Each structure stands twice: as C-alpha cells, then as structure tokens.
Amino acid sequence: MVIKIPERNEPCLCGSGRKFKACCGPSNARSVDAEVERLVADGIRLEAAGDLPAAYARFRSAVALSPLNPRLRYMVGTAELNLGRYPDAVINLELAARGEPIAEAFYNLGLALKNLGRLEDAALSFRNASVLKPQWTPAHTNYGFALLDLGFASAAVDVMRRCIEGGDTSTLSFSNLLLTAQYLPEFTIEEMNSLHRAYGRALQDACPALPPRRLDPAAARLRVGFVSGDLRTHPVGLLLADVLPALSAHGLDVVALSTGPETMPRDPVRQRIREGVREWHDVGHVDDAALAAFVRNAGIDVLVDLSGHTGHHRLAVFAMRPAPLQVTWLGYGATTGLDRIDYVLTDPVSTPPQDESQFTERVWHLGLPRLPFSPPAEAPEPSVEAPVDAAGVFTFGCFNNLAKLNPRVVGTWARILAAVPDSRLLLKSRHFDQPMARKSVVEGFASFGVGAERVVLEGYDKRDRYFAAFSRVDIALDPFPFTGGMSTLDALWMGVPVLSKRGDRMIGRQGEMVAQHLGLDDWLADDEDAYVALAVRKAADRAALAALRRTLRPRMQAAAFAQPGAYAKALAEALWGMWRDKAGAAG
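Bear in mind that the values here come from a model prediction, so they are computed numbers and not experimental data. (Residues numbered from 1 in each chain as written. Predicted model: local features only at pLDDT ≥ 70, side-chain atom pairs only at ≥ 80, totals over all residues. Heavy atoms only, no water.)

**Focus: the overall build of the chain**
Link 1 in the chain: When helices and strands are tallied, the chain shows 23 helices and 13 strands.
Link 2 in the chain: Its C-alpha radius of gyration of 26 Å places the chain within 12% of the 25 Å reference for a compact globule of 587 residues.
Link 3 in the chain: A principal-axis box enclosing the C-alpha atoms of the chain has dimensions of 85 × 65 × 45 Å.
Link 4 in the chain: In the chain, 69% of the contacts between residues at least 6 apart in sequence involve partners at least 24 apart.
Link 5 in the chain: Total accessible area on the chain is roughly 24,200 Å²; 54% of this is exposed by carbon and sulfur atoms.
Link 6 in the chain: Taken as two groups, the 65 positive and 67 negative side-chain charges of the chain have centres that lie 4 Å from each other. (Helix = DSSP H or I, 4+ residues; strand = E, 2+ residues; numbered from the N terminus. Rg over C-alpha atoms; globule rule 2.2 N^0.38 Å. Contact = heavy atoms within 4.5 Å. Areas by Shrake-Rupley, 256 points an atom, 1.4 Å probe, with all protein chains shown as cover. Lys, Arg positive; Asp, Glu negative; His and termini not counted. Charge placed at Lys NZ, Arg CZ, Asp CG, Glu CD.)

What follows is the structure in structure tokens.
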C-alpha cells in the first residue's frame, strides 16, 4: 500500500475534513509536531500506568495529526494488538513496517496475523523480524513455531538449533528446541535427556532459589497453585475444567495462576474454571521474580506446573523454588529438566519403572491415567450406523495437531491405505485452513504413492461440528512418537476405536495408557509393521468393529478417569501423599 501526500487543497489524511494546507500541511507542521509529541508522551504514561484503552486513544489522535509517521503507526498497531483488535493492528503495523522496516514492527505484525489464523503471512513476518535482528530470540522462536504449526517440524527444529548455534544462550531457546523436538522420531531418548538436563542446569544457575520454607506435616488444608497459560478452551483447560473445582472437598484450596494473554476474558472454559476455584490471578504480565515473590507471600503450599516447555510456561519461577512442594503434571510429556521440581505426576503405563531415569523429578504414580477427561456437553451420541456403510468407503481418520504427522507417520499410513482397497484418510486440523499446510500434506502422501483423492483435509470447526465429524471415521490412527492425548479421548467418547503404537517415552505412550485402562490392549502395536498389519486386520472385520463401537461410550462413562469427582479424589490423594512424603524426608 502506497500513501500519497495530498496536494495543498486536497482533504487532509487525518480525517478532520479540513484541507491539507490548513490542517497537517507544512505551514502547520511545527504546531502539529508539538501536539503529536504531547499526545505520544501522554499515551506512553497511560500505558505504563496500565490504562491501555486511554493510551490507545492518545496514539490514535497522534496518528490523525501525522498519518504518514511510521513510528506512530507502530505505536497504534501495537496498542491494537494488545487490545485484541487484530484486523486494525494488521493495517497499522503493515504501514509501519513498510514505512520504516524495523524488527519490532514485523514481529508484532506476525503476532496479529497469527491471531487471525494467517499462519503463512505470520511466518513471513517473523522471518523478516529475525533477519533484521538476528540475535532476537522471540523473532526466531515465533518463526520456528509458525513453521511447526504449518507442519514443518524439521524446519522448525533447524530454526531453533540455528538460534542456539548463533550464540543465543538463553534458556528460552533451549526450551523451544525441547518442545519442537518432541514431534520428531530421530531424537533419541538419550539426546532428549541430555538436552532437558542442560536446560535445567542453565535455568537453575540463572535463577537462585529462595530461602527454603518448611512443610507442615500436620497441615489440615493445602493451598495449591496451578500455573498455566492454557486455562481456557485448550486441551489443558478442557481436561481440568471439572476436576479443579472438585478438589476443595479433599482439603485443597485451588489458586489458579493464569500466565497466558488476557485477550480472551469471555472464553467459556476460562470462565468455568475461574468461577470454580478459590482464587484466580492473571499473572501473564508479571515477571518471574515478582511472580515467585507473589507465590511465597500468598502462602501457596504446593505449586503445580501444567505447561512443561509449552507456551507461556514459567519454569523460571519453579527454579526459584517459591513453594515448599513443587510438581509438574499434565501439559508436557517429559521431564522439565529441573531438579527443584520435586515430583512428576504420571501413571505406571506412561512411566514404567525402567523409564524413571528419564526424569530429574521423582516419579509419583496416580492410580488413574495421567490425563483426566470431562465428558463434553457439545458431543452428540455416537453414530449408530457404521461410517463405511453410510459413505460406501472405509475411512481412517486423525484429528491431531498437524505437526505430529512426520514422514514416518505419513509413510506408515500410506502403507495402510495401499493395503486396504477403497479406503481413504480423513485428516482434520485447524492448520488445514492454510494452503501451504494442505499442499505439504498432499505432497507428502504423494511421495509414498497415495493420490490426493484418497486424503480428505478439513480445517477448523466449532466443537459441536468437530465431535460430529467422528461419525465419518471407522478407525482413528494415532501418530507417533508424539501420540494423541485429548484427541484420542474424544475419539473413544464418540465410539471410534483408536489404533496406537507403543512408545519408548511418556509422550509416546498416551494411546497405550488409555487403551490399557479401557481393556483395549488388542488395539496396540509394537512397531510400524505390526501397526500396518493390525490396521488391515481390524478394518477387515466389520462385524467386530461395529460391535466394539457400541461399547466405547459406555466404557468411557464407567472409567474413573472420565468422572471428575473420582479423578479429583485420586489427584488430591497424590498431592497429599507427596506432601507427607516430603515432610517426612525433611525430618
């Protein structure tokens, strides 16, 4: 977009309705400049005081007086980004970036584009920011994660590695690499263990622990802080929405510490959790040291990390050890690498005894699977008619994150399609709204001889339509090594059996964890050849498949991990057990 400077008698660009010569033209430039500077200074003061709407109004007034100024466009666009006005932010930040190409303008433009679901454009903006400012970790981080969201996990890992090799020694870069590497089978357990421990050492060196606080072994109630940026419509929030409120009956006062952005205050899951817990605090804007001090001063007894190395994590706070008992659970399928986190909460299938050496934390087993499940109100009854009978074609499906579809997964699924005539694969992910992501998947299957007509790609749907889509799937295929969690639970709730490959680490055993608990061990394969053979055999026995589908919703309903009250009881028992165990060890 090119902005033409008006002639003297043309309307002024500021929107006043006056002629350019009588408004913002050169003859008035001195007084206009003074007013612009006054408005900007006022806006910066208001922004620092936390009054972003008022600051935004000042910045807009400044832009109206000087519409060609890229600095002002940047300030208005950034305020719009922080207020969640993403379409307006894109317009102003594009003008800023074109008028004065600075890394910050491209970076904020990328954030606005990402929030609008324009991942390809966001990736390009983040890349431009990283080129303009090569040592700026956030630009590289968001570029890498945009690539990951588009299905390019290997490219994302390369970006994260280059960031570290280029001299960025921040723990954030290590953390980003750890998360991204979970999606790729070429990273061995030994390599992942080494990276996690290197991260933990670096973070704990940078974040000295606070003086220890004594555990009271005779405590009658515990204040438990749950730290997460995902207490909203997100798998973590959805899994916990009915469990957290039920903890109060077991002597636990829940303090929710939301570390994510506050741009979605009306999110229904966020509201449910907020209304169901003792305390809710938005702490995304609070720095690590201040948050650690808040936890200590608030008298929180148990601090639970729900993020691991995923977005908006606050592992630096845990490194400062503000609570006498610290636990990691649910949001990440591996060790954090911090030995100042006392326990990892898991289950015997996800973490058998031979795997305990993979963790810097002590392993504590729940009596239930480590993932709870709250029956979703949006889900209809499972389809009575078998999908193959309704469609005339047998349908395999996967509704997982696109990043999990690495080349080995695609190759294995291509072998299944080749072995099952008249079959197709339905893939559903919000990422398929992006043309680049669709093209990448189609080309990936084509490289294994599978035509585009046999791979159905569908993008974002509201939750009721997402659940309804399971009625078109005969068998769900679980990816690997990063297996499905909530998507597996959703499929089973909708009467769709899930075929999984046993893994060699926690993140690779989620399908196995659920299958064993529900008595579905015959849906587990030991390797890729067995996975293909099992899929072919299960697809051929249509009568057994139809009979099984009718039992899956009742099995889920009867499972304790799908009953929030029962799960809350088991979770409370685990937290109390850790408290007493550590109190006893402390003498």
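**A closer look at the packing of helix H5 (residues 103-115) against helix H7 (residues 137-149)**
Link 1 in the chain: Where H5 contacts H7, the axes come no closer than 11 Å and their chain directions differ by 30°. Classified by the interaxial angle, the pair formed by H5 and H7 is roughly parallel. Taken as a pair, H5 and H7 cross one another with a handedness that is left-handed. Mapping the contact onto sequence places Tyr107, Leu111 and Lys114 in H5 and Pro138, Ala139, Asn142 and Asp149 in H7.
Link 2 in the chain: Considered class by class, the residues forming the contact of H5 with H7 number four nonpolar, one polar and two charged. (Axes fitted to C-alpha atoms, helices over the stretch in contact; angles between N-to-C directions. Parallel < 35°, antiparallel > 145°, perpendicular 65-115°, else oblique. Left-handed = near helix turned anticlockwise from the far one by under 90°. Nonpolar A, V, L, I, M, F, W, Y, C, P; charged D, E, K, R; others polar.)

**Brief notes about unusual backbone geometry**
Of all residues except glycine, most have a negative phi; of all peptide bonds, most are trans.
Link 1 in the chain: Residue Phe480 is joined to Pro481 through a cis peptide bond whose omega torsion reads 5°.
Link 2 in the chain: Relative to the elements of secondary structure, Pro481 occurs in the loop between strand E11 (475-477) and helix H19 (486-493).
Link 3 in the chain: Phi is positive for His312, which is not a glycine, with a value near 65°.
Link 4 in the chain: Even without being glycine, Arg321 reaches a positive phi, approximately 50°.
Link 5 in the chain: Residue classification places Arg321 among the buried positions, given a relative accessible area of 18%. (Buried < 20%, exposed > 50% of the residue type's maximum accessible area, 1.4 Å probe, protein only.)

**Brief notes about the sheet that holds strand E7 (residues 362-365)**
Backbone hydrogen bonds hold the strands of a sheet together, and the pairing may be parallel or antiparallel.
Link 1 in the chain: Here we have seven strands laid out as an open sheet, ordered E3-E2-E1-E4-E5-E6-E7, and parallel in their pairing. In this open sheet, the two edge strands, each paired with only one partner strand, are strand E3 (279-282) and E7. Within this sheet the neighbouring strands show an average axis-to-axis angle of 25°, counted without direction.
Link 2 in the chain: Direction of pairing for strand E1 (residues 222-228) relative to strand E4 (residues 302-305): parallel, over a ladder of four bridges. (Pairing = 2+ DSSP bridges.)

**Topic: the nonpolar core**
Link 1 in the chain: One finds Trp329, Phe396, Trp413, Leu427, Phe445 and Phe561 to be the most contacted residues of the largest nonpolar core, which totals 177 residues.
Link 2 in the chain: Top element by residues in this core is helix H23 (residues 564-586). It accounts for 11 residues.
Link 3 in the chain: In terms of nonpolar packing, the next biggest core, distinct from the first, is built from 16 residues, Val32, Ala54, Tyr56 and Leu72 among them. (Core = buried A, V, L, I, M, F, W, Y, C linked by side-chain atoms within 4.5 Å.)

**A few points about helix H9 (residues 171-181)**
Link 1 in the chain: In terms of burial, H9 is largely enclosed, as 10 of its 11 residues are buried.
Link 2 in the chain: The complete set of buried residues in H9 reads Thr171, Ser173, Phe174, Ser175, Asn176, Leu177, Leu178, Leu179, Thr180 and Ala181.

**A closer look at the pairing of E4**
Regular strands have side chains that alternate between both faces of the sheet.
Link 1 in the chain: Burial along E4 is two-sided: Val302 and Val304 and Leu303 and Asp305, pointing in opposite directions, are all buried.
Link 2 in the chain: Examined bridge by bridge, E4 and strand E5 (residues 325-328) share four bridges and lie parallel to one another. Among the inter-strand pairings, Val304 is bridged to a residue of E5, identified as Val327.

**A short note on the pattern of salt bridges**
Link 1 in the chain: Taken as a whole and assessed by the stated rule, the structure comprises 35 salt bridges.
Link 2 in the chain: Across the pair Asp42 and Arg45 runs a salt bridge whose closest N-O atoms are separated by 2.4 Å. With Asp42 and Arg45 both in helix H1 (residues 29-48) and three residues apart, this pair spans about one turn of that helix.
Link 3 in the chain: With a relative accessible area of 14%, Asp42 lands in the buried category.
Link 4 in the chain: Here Asp504 ties to Arg505 by a salt bridge, and the two come within 2.8 Å at their closest N and O atoms.
Link 5 in the chain: Residue class for Asp504 comes out partly exposed when judged on its relative accessible area of 37%.
Link 6 in the chain: What emerges from the salt-bridge pattern is a single network uniting Lys428, Glu458, Asp461, Arg465 and Arg472. (Salt bridge = Lys/Arg side-chain N within 4 Å of Asp/Glu carboxyl O.)

**A word on the sheet that holds strand E8 (residues 394-398)**
Link 1 in the chain: Strand order in the open sheet formed by six strands is E10-E9-E8-E11-E12-E13, and the pairing between neighbours is parallel. Because the sheet does not close on itself, it has two edges, and the strands there are strand E10 (455-458) and strand E13 (524-525).
Link 2 in the chain: As paired elements, E11 and strand E12 (residues 498-501) share two bridges and run parallel to each other. Residue Ala476 lies in a different strand from E12, and its bridge partner there is Val498.
Link 3 in the chain: Sheet contacts for helix H17 (residues 435-446): strand E9 (423-428) and E10; angle to E10, the most-contacted strand, approximately 165°.

**Some points on the environment of Leu338**
Link 1 in the chain: Assignment of secondary structure puts Leu338 in the loop between E5 and strand E6 (343-346).
Link 2 in the chain: In this structure Leu338 touches Tyr199, Gly200, Leu203, Gln204, Leu315, Phe318, Ala319, Thr360 and Glu361, once residues within four positions along its chain are discounted.

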